[in-house]
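Listed here are the chains, written in short residue letters.
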Amino acid sequence: MGRWKQAWSEEDLGRLKVLAGTKPIALIAKELGRTSGTVLAKAIEQNLPVICRTKRQEQ
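Being a predicted model, the structure only gives us computed values, none of them experimental.

Q: Mind showing me how you'd approach the side chain of Lys 42 here?
A: Tracing the sequence through the fold places Lys 42 in helix α3 (residues 36-45). Overall, Lys 42 belongs to the buried group, its relative accessible area being 14%. In terms of polar contacts, Lys 42 uses its side chain to reach the side chain of Glu 45, at 3.0 Å.

So, in structure tokens, the structure goes:
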């Protein structure tokens, strides 16, 4: 079964709560072994702060 189909464990939720707001979602997702979308959805569901970084366009 793919990691994205697995339920969130208490350990994963705890790590997300600690990391939320300190690192971009993409880095948190990499640490947790999940996709950015699932991490973002869970962070919003849990009312956690979110940092989303986008590439700046060069002028």
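Q: Can you help me understand the environment of Pro 49 in this one?
A: In this fold, Pro 49 is placed in the segment after α3. A C-alpha to C-alpha distance of 9.4 Å links Pro 49 and Leu 19, two positions 30 residues apart in sequence. In contact with Pro 49, other than residues within four places in its own chain, are Ala 20 and Gly 21.

Basis of the calculations
- Residues numbered from 1 in each chain as written.
- Predicted model: local features only at pLDDT ≥ 70, side-chain atom pairs only at ≥ 80, totals over all residues.
- Heavy atoms only, no water.
- Helix = DSSP H or I, 4+ residues; strand = E, 2+ residues; numbered from the N terminus.
- Buried < 20%, exposed > 50% of the residue type's maximum accessible area, 1.4 Å probe, protein only.
- Polar contact = N/O pair within 3.5 Å; in protein donor to acceptor, adjacent residues only side chain to side chain.
- Contact = heavy atoms within 4.5 Å.

Scope: geometric values only; no functional claims are made or implied.
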